[in-house]
Amino acid sequence: MRERGGVADKGRNVRQGYALLAPTLVVVGLTLAAPLGLLLITSLKSQSGIGFEAGWTLAQYSEVLGRGSYRILFARSVVVAALVTALTVALAYPMAYFVAFHARRKFLWLILLTIPFWTSYLLRVFAWKIILGYGGVINSGLLGLGLIAEPLGSLLYNPFAVVVTLAHAWAAFAILPIYVSLEKIDRSLLEAGSDLGDSKLRRFLRITLPLSMPGVIGAAILIFVPTTGDFVTPELVGGPAGAMIANIIETQFTQVGNWPLGAALALVSMTMVAVLAGLFVAAARAAARAVR
Amino acid sequence: MKNRTLLAYACFYLAFLYLPVLVLPIFSFNNSAFIAFPLTGFTTRWYEALADSALQQALVNSLKVGVVTALLSTLLGLLAAKAVTQYRLRGRGVALGMISLPLFIPDIVLGISLLLLLGTIGLPLSLASVVLGHLLICAPFSLAVLVARFEGFDPNLEEASADLGEDRWMTFWRVTFPLMLPGIIASLLLTFITSFDEFLVAYFLSGTQATLPVYIWSQLRFPARLPMVLALGTIILCVSVVLVVLAEKLRNQGVKKPMVGA
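Residues numbered from 1 in each chain as written. Chains lettered and ligands numbered in written order. Predicted model: local features only at pLDDT ≥ 70, side-chain atom pairs only at ≥ 80, totals over all residues. Heavy atoms only, no water.

### Some words on the overall build of chain A
Along its length, chain A carries 13 helices and two strands. A compact globule built from 292 residues should have a C-alpha radius of gyration of about 19 Å, whereas chain A, at 25 Å, is more than 25% larger. Counting the 292 residues in chain A, one finds 50% classified as buried. Sequence separation of at least 24 residues holds for 68% of the intrachain contacts in chain A that already meet a minimum separation of 6. (Helix = DSSP H or I, 4+ residues; strand = E, 2+ residues; numbered from the N terminus. Rg over C-alpha atoms; globule rule 2.2 N^0.38 Å. Buried < 20%, exposed > 50% of the residue type's maximum accessible area, 1.4 Å probe, protein only. Contact = heavy atoms within 4.5 Å.)

### Observations regarding the pattern of salt bridges
Under the counting rule described, the total for this entry stands at eight salt bridges over all chains. The closest approach of N and O atoms between arginine 67 of chain A and glutamate 63 of chain A, which form a salt bridge, is 2.8 Å. Residue glutamate 158 of chain B is joined to lysine 82 of chain B by a salt bridge in which the shortest nitrogen-to-oxygen separation is 3.4 Å. In this pair, glutamate 158 of chain B is assigned in helix 7 (residues 155-163) and lysine 82 of chain B in helix 3 (residues 53-86), connecting sequence segments 76 residues apart. Residues glutamate 158 of chain B and lysine 82 of chain B agree in their burial class; the two are buried. (Salt bridge = Lys/Arg side-chain N within 4 Å of Asp/Glu carboxyl O.)

### A word on the interface of chain B and chain A
With 77 residues of chain B at the interface, the matching set in chain A holds 80 residues. Of all residues in chain B, the largest losses of buried area upon contact with chain A belong to Tyr13, Tyr87 and Leu116 of chain B, amounting jointly to 8% of the total for that side. Joining chain B to chain A, the criterion identifies one salt bridge. Close ionic contact of arginine 124 of chain A with aspartate 197 of chain B constitutes a salt bridge, the shortest N to O distance being 3.7 Å. Split into classes, the residues belonging to the side of chain B that touches chain A amount to 62 nonpolar, five polar and ten charged. (Buried area = accessible area lost by both parts, 1.4 Å probe. Nonpolar A, V, L, I, M, F, W, Y, C, P; charged D, E, K, R; others polar.)

### Section: the packing of aromatic side chains
All chains considered together, the criterion is met by 24 aromatic pairs over all chains. Between tryptophan 169 of chain B and tryptophan 173 of chain B, the aromatic rings sit 5.9 Å apart at their centres with planes inclined by 10°, giving stacked as the arrangement. Of this pair, tryptophan 169 of chain B and tryptophan 173 of chain B both sit in helix 8 (residues 168-197), four residues apart, which is roughly one turn of the helix. Residue classification places tryptophan 173 of chain B among the partly exposed positions, given a relative accessible area of 44%. Where tryptophan 173 of chain B meets phenylalanine 177 of chain B, the ring centres are 4.9 Å apart and the plane angle is 15°; that geometry is what we call stacked. Taken together, the positions of tryptophan 173 of chain B and phenylalanine 177 of chain B, both in helix 8 and four residues apart, correspond to about one turn of that helix. Taking relative accessible area as the criterion, phenylalanine 177 of chain B reaches 24% and is therefore assigned partly exposed. Grouped by ring-pair contacts, the aromatic residues Trp128 of chain A together with Tyr9, Phe12, Tyr13 and Phe16 of chain B constitute a single cluster. Of note, lysine 45 of chain A hangs over the ring of tryptophan 56 of chain A, and the distance from its end group to the ring centre comes to 4.0 Å. (Phe/Tyr/Trp six-rings, centres within 6.5 Å; stacked < 30°, edge-to-face > 60°. Lys NZ or Arg CZ within 6 Å of the ring centre and 35° of its normal.)

### Description of the packing of helix 3 (residues 68-102) of chain A against helix 7 (residues 159-169) of chain A
Residue and element names in this part refer to chain A. Contact geometry of helix 3 with helix 7 gives a least axis separation of 9 Å together with a crossing angle of 40°. The pairing of helix 3 with helix 7 is recorded here as oblique in orientation. Helix-helix and strand crossings are classified by hand; for helix 3 and helix 7 the assignment is right-handed. Each of Val80, Leu83, Val84, Leu87 and Thr88 in helix 3 lies in contact with helix 7, whose residues at this interface are Pro159, Val162, Val163, Leu166 and Ala167. Grouping the amino acids of the contact of helix 3 with helix 7 by side-chain chemistry returns nine nonpolar, one polar and no charged. (Axes fitted to C-alpha atoms, helices over the stretch in contact; angles between N-to-C directions. Parallel < 35°, antiparallel > 145°, perpendicular 65-115°, else oblique. Left-handed = near helix turned anticlockwise from the far one by under 90°.)

### A closer look at the nonpolar core
Counting residues in hydrophobic clusters, the biggest one holds 159 residues, and the most contacted among them are Leu39 and Val232 of chain A together with Tyr13 and Leu17 of chain B. Broken down by element, the residue count for this core peaks at 15 residues, all from helix 3 of chain A. Look past the residues within four positions of valine 232 of chain A in its chain and what remains in contact with it is Tyr121, Leu122 and Val125 of chain A together with Phe199 and Trp217 of chain B. (Core = buried A, V, L, I, M, F, W, Y, C linked by side-chain atoms within 4.5 Å.)

### Overview of the environment of phenylalanine 104 of chain B
Here phenylalanine 104 of chain B is to be found in the loop between helix 4 (92-100) and helix 5 (107-121). Distance from phenylalanine 104 of chain B to asparagine 61 of chain B, taken between C-alpha atoms, is 28 Å for residues 43 residues apart in sequence. Not counting chain neighbours up to four residues away, the residues in contact with phenylalanine 104 of chain B comprise Ile221, Val225 and Val273 of chain A.

### Observations concerning the confidence of the model for chain A
Averaged over every residue, the pLDDT of chain A is 86; residues scoring 70 or more account for 95%. Confidence drops under a pLDDT of 50 for residues 1-8 of chain A, and excluding neighbours within four residues, the segment shows seven contacts in the predicted structure. (pLDDT = per-residue confidence, 0-100.)

### Digging into the packing of helix 9 (residues 187-195) of chain A against helix 10 (residues 200-228) of chain A
Residues and elements named next belong to chain A. Orientation of helix 9 relative to helix 10, taken along the N-to-C sense of each, is 165°, at an axis distance of 10 Å. In this view, helix 9 runs roughly antiparallel relative to helix 10, as classed from their interaxial angle. Judged by the twist between their axes, the crossing of helix 9 over helix 10 is right-handed. Along its contact with helix 9, which presents Leu189, Leu190, Gly193 and Ser194, the element helix 10 presents Arg203, Ile207, Thr208 and Leu211. For the contact of helix 9 with helix 10, a count of residues per class yields four nonpolar, three polar and one charged.

### Some thoughts on the confidence of the model for chain B
Residues and elements named next belong to chain B. Averaged over every residue, the pLDDT of chain B is 86; residues scoring 70 or more account for 95%. Taken element by element, chain B is modelled with least confidence in helix 11 (residues 226-256), mean pLDDT 79, and with most confidence in helix 9 (residues 200-205), mean pLDDT 94. This model gives residues 256-262 a pLDDT under 50, and the stretch forms five contacts once residues within four places in sequence are excluded.

### Some points on unusual backbone geometry
You will see that tyrosine 157 of chain A, though not glycine, has its phi angle at about 60°, which is positive. Among the secondary structure elements, tyrosine 157 of chain A is positioned in the loop between helix 6 (137-144) and helix 7.

### Here's the deal with helix 7 of chain B
Residues and elements named next belong to chain B. Taken as a whole, helix 7 has its buried residues at Glu158, Ser161 and Ala162. Viewed along the axis of helix 7, the buried residues span an arc of 100°, placing them on a single side of the element. The elements touched by buried residues of helix 7 are helix 3 and helix 8. Backbone geometry just after helix 7 places glycine 165 at a positive phi near 100°. (Arc of directions from axis to C-beta.)

### What to know about the environment of serine 73 of chain B
Residue and element names in this part refer to chain B. As for its placement among the helices and strands, serine 73 is situated in helix 3. In contact with serine 73, not counting residues within four places along its chain, are Leu135, Cys138, Ala139, Ser142 and Thr191. At 3.5 Å, the side chain of serine 73 forms a polar contact with the backbone oxygen of cysteine 138. (Polar contact = N/O pair within 3.5 Å; in protein donor to acceptor, adjacent residues only side chain to side chain.)

Below you can see the structure in the form of structure tokens.
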């Protein structure tokens, strides 16, 4: 038998551990840290033709934070993402609860719930354009049934269309984490609650809901971050009234060609998302503790 | 009673999830270039239109990027997950946080910052740059799946194998790998699908070599091409469903068979 656990062995082990970790950290460093550093440098420049002017400036940041139209875009992105997150989680929770506690064939339900997400994200979003459009499924269907005399023009190209589409597109990211956290709950805790005289509602509020909070928080973060920076949905169903921050960032990099301004917009929105997500996690944890 | 309310809600919710997805097959067989009710007749011509060389090239590109991303991401995830679960490392939390960081950064920021990097060091945009971007997005998923698997893994099994005289490679191959296999397959599937469906980062980084989502995006601007795109979406959906069912069957078979050979 080999000897194990000696001091020398431990030292070697730690080195081995870092060696295993190194490739991933190098890749992440090269593809994340370096590009973000460059993004920061670019945001401190100003565009001049196809190059940058010499010297450093905070002009982009004063433009980003000072101009009303950008502030509207930031605010709209955050409000839309928050609405989408709340709506998606609220709609998914009872569904996940049903599968975790009441469904007889859980696996079948999980498969049924995920199949709609097995096709292209672009096409799922595009399908809503077909459904909500002027000559779309809802309008042509209602016209055909004689329920309306002319198409409802207000369904598409507004923030409402963006919220509905995103709440659909990200549903799986709410159902699955919430289901997992509900499934983990020790059923004997619920029995204990009943035995000690809790009503069903009280039992849900004091045991099930707080214990499922990790799933809810996880789902909220998984949905809030990408939807704040979503480009496809506002572009396809949002119209000018539903444009979000990612659309203006993309424009700076492709059509306008003002990379420093685009970089500053990207960094400000990234910081904003991180701060809001952090605040949300802290608040949700505090709330869960207060309930218990 | 409450059960029934919940069941009714579940059915309603399922309908909400399926409504947009059903639009794809319905209009992909409709004999009209206009996507509106009432339906005008049955046709398969939109499926015949899929024999388009640009589309096929985009499909091949996406498959290449997806496979390479899945393999690399799972390999990196495997090494990192082993490191953080089986070694007591200082800075473990920092490393985990750093690898998971892309989850908290909107894709558009990842896409443009990588575009900046490649532009600055003068690397041309290609499928390789798309793989780089997708690796960043997929590594946190691989790590999460594999860390969960390693946490239920008993390191004593590896030690026992070493004590019985197997070298490190054979130990990995005959003990670690079979026990990790479900996690590895889950990671490969998840990362392949994520990469195959990823649009925004590929949009910035693919240059002239469009991936399938980038190709689809370019077609959405032309109303005449839409039914063909819907046909494509229908096929992707069917293939995915068949793959999921197959994967599930394989998984069940794997459970019945003994996992570790004698």
